[in-house]
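What follows is the residue order along each chain.
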Amino acid sequence: MAVNLSHPPERPVRVKRTERVRGLRWRSQEERRDAKRKIDAIRRDAERQRIEALRIDVRAFHSPKVLLLILGLMVVVGGLLALVAGKPKPERPDVTPLNQTRARRSVKTIALAMTLHRVHTGAWPQQRLGLFALAKDYGTPGWKGPYINWAYKDPWGTHYVYRMPVSPFEAPTLFSCGPDKLPDTNDDIRAVPEDFVCKEGDWRRAPTDDTKETPTP
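Rules and cut-offs
Residues numbered from 1 in each chain as written. Predicted model: local features only at pLDDT ≥ 70, side-chain atom pairs only at ≥ 80, totals over all residues. Heavy atoms only, no water. Phe/Tyr/Trp six-rings, centres within 6.5 Å; stacked < 30°, edge-to-face > 60°. Helix = DSSP H or I, 4+ residues; strand = E, 2+ residues; numbered from the N terminus. Buried < 20%, exposed > 50% of the residue type's maximum accessible area, 1.4 Å probe, protein only. Lys NZ or Arg CZ within 6 Å of the ring centre and 35° of its normal. Core = buried A, V, L, I, M, F, W, Y, C linked by side-chain atoms within 4.5 Å. Pairing = 2+ DSSP bridges. Contact = heavy atoms within 4.5 Å. Axes fitted to C-alpha atoms, helices over the stretch in contact; angles between N-to-C directions.

(A) Examining the packing of aromatic side chains more closely. Scanning the model with the defined rule gives 2 aromatic pairs in all. For the ring pair Trp124 and Phe196, a centre distance of 5.9 Å and an interplane angle of 80° mean the geometry is edge-to-face. Here Phe196 lies in the segment after strand E3 (189-190) and Trp124 lies in the loop between helix H3 (97-121) and strand E1 (161-163), a separation of 72 residues in the sequence. Across this residue pair, the class does not change: Trp124 and Phe196 are buried. Here the guanidinium or amino end of Arg190 rests over the ring plane of Phe175, the centre of that ring lying 4.1 Å away.

What follows is the structure in structure tokens.
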């Protein structure tokens, strides 16, 4: 079909609609109420179906296989929790300067008490009695205690370490284990020879026959 370009195409004639379209006409009040009821019924049905899909059938738990599976899972989870709870947590050493100062003073006080014990009895406390010999008389001749009356643990909850000397003319070994609570480590707080000094006498004197040191059993 040839197109004549000399004459432009005529514009389409618009037809004015005089009749109302039946589909766009407003419904009556009764029809609107009926449509609303249908829509609400559809929504309720959809909500019911959604809840039914999410609901767990409790009858499935009556099966022995399901019960055994749940019991096995509970045992496994309980074992893992017990393993995690029973695992000891690494303790961070308490290096508070106040505790170190307290331990140093306590070591010095114990050293002085041991020196008085040595001066009065002519012997250091026996190894089997340890520091308890400074607080209670176990029948040692010349004992004039108690020399100490407080606990035998350092600020970190560890007992003070006491070792008798090999020679009667040597000072004993006395120290606190320090923050790491382990003996013979770098953070031990030890008594120095100057701590074994008192005004009542010199412990370095040779013991007499009546006050010889009792050998450690």
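Having seen it, we continue.
(B) How the structure looks around the nonpolar core. Among the nonpolar cores identified, the biggest contains 22 residues, and Ile110, Met114, Leu131, Leu134, Tyr162, Leu174 and Phe196 are the most heavily contacted of them. Looking at which element gives the most residues to this core, the answer is H3, with 7 residues.

(C) Spatial organisation of the sheet that holds strand E2 (residues 173-176). Strand order in the open sheet formed by 3 strands is E1-E2-E3, with antiparallel pairing between adjacent strands. The open sheet has two free edges, formed respectively by E1 and E3, since each of these has just one partner strand. Bridge analysis of E1 against E2 gives 3 bridges, and the strand direction is antiparallel. Bridge pairing links Tyr162 to Leu174 in E2. Of the strands in this sheet, E1, E2 and E3 are in contact with H3, which crosses E2 at around 155°.

The analysis is restricted to geometry; functional conclusions fall outside its scope.
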